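Here is what each chain is made of, one letter per residue.
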Amino acid sequence: KLKDVQGLLRSEIFVRALKEGEVDKSITATCGSGVTACMIALAFARVGRDVAVYDGSWTEWGADPECPLETGLSKSGFRS
């Protein structure tokens, strides 16, 4: 069972995914302004994974027409 009684992802599944997730590259957390990215990085840090935070995030990146942008489904099936 993936979710708890409140409909949230069970914490032990989340922690296992953070610890054991297959990551072959460095991880950089991003979001709209950098605030949520810090929470993502904190979650990874709590389980011993090193994550960089791009504090400019999409606000800065998306404003620069020279920055590359990919959309659609990733190899893992998640929409970017």
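Quick caveat: nothing in here was measured; it's all calculated off a predicted structure.

Procedures and definitions
Residues take numbers from 1 onward in each chain, read along the sequence in its written order. For a predicted model such as this one, the threshold for reporting local features is a pLDDT of at least 70, and the threshold for listing and counting side-chain atom pairs is 80 or more; totals across whole chains, interfaces and linings nevertheless cover every residue. Think of the side-chain values as coming from all heavy atoms in the structure, minus any hydrogens and water. What is meant by a nonpolar core is a set of buried Ala, Val, Leu, Ile, Met, Phe, Trp, Tyr and Cys residues, joined one to another through side-chain atoms within 4.5 Å. When accessible area is computed with a 1.4 Å probe and restricted to protein chains, residues below 20% of their type maximum are described as buried, those above 50% as exposed, and intermediate ones as partly exposed. Whether two residues are in contact is decided by their heavy atoms, any of which lying within 4.5 Å being enough. Confidence scores per residue from the predictor, reported as pLDDT, run from 0 to 100. Strands here are runs of E lasting at least two residues and helices are runs of H or I lasting at least four, both read from the DSSP assignment and numbered beginning at the N terminus. Ring pairs shown here join Phe, Tyr and Trp side chains whose ring centres sit within 6.5 Å, with only the six-membered ring taken for Trp; geometry is labelled stacked below 30 degrees between planes, edge-to-face above 60, and tilted in between.

### A few points about the nonpolar core
Here is step 1 of the chain: Counting residues in hydrophobic clusters, the biggest one holds nine residues: L18, I27, A29, C31, A37, A41, F44, V47 and V51.
Here is step 2 of the chain: Here A41 is in contact with A29, V51 and V53, once residues within four sequence places are set aside.

### What about the confidence of the model for the protein chain?
Here is step 1 of the chain: Averaged over every residue, the pLDDT of the protein chain is 78; residues scoring 70 or more account for 80%.
Here is step 2 of the chain: For the protein chain, the element scoring lowest by mean pLDDT is helix α1 (residues 11-20), at 72; strand β2 (residues 51-53) scores highest, at 89.

### A few points about the packing of aromatic side chains
When we look at a pair of aromatic rings, we describe it by the centre distance and by the angle of the planes.
Here is step 1 of the chain: Applying the stated criterion across every chain, the model contains one aromatic pair.
Here is step 2 of the chain: Relative to W61, the ring of Y54 lies with its centre 6.0 Å away and its plane at 90°, an arrangement referred to as edge-to-face.
Here is step 3 of the chain: Residue classification places W61 among the partly exposed positions, given a relative accessible area of 29%.

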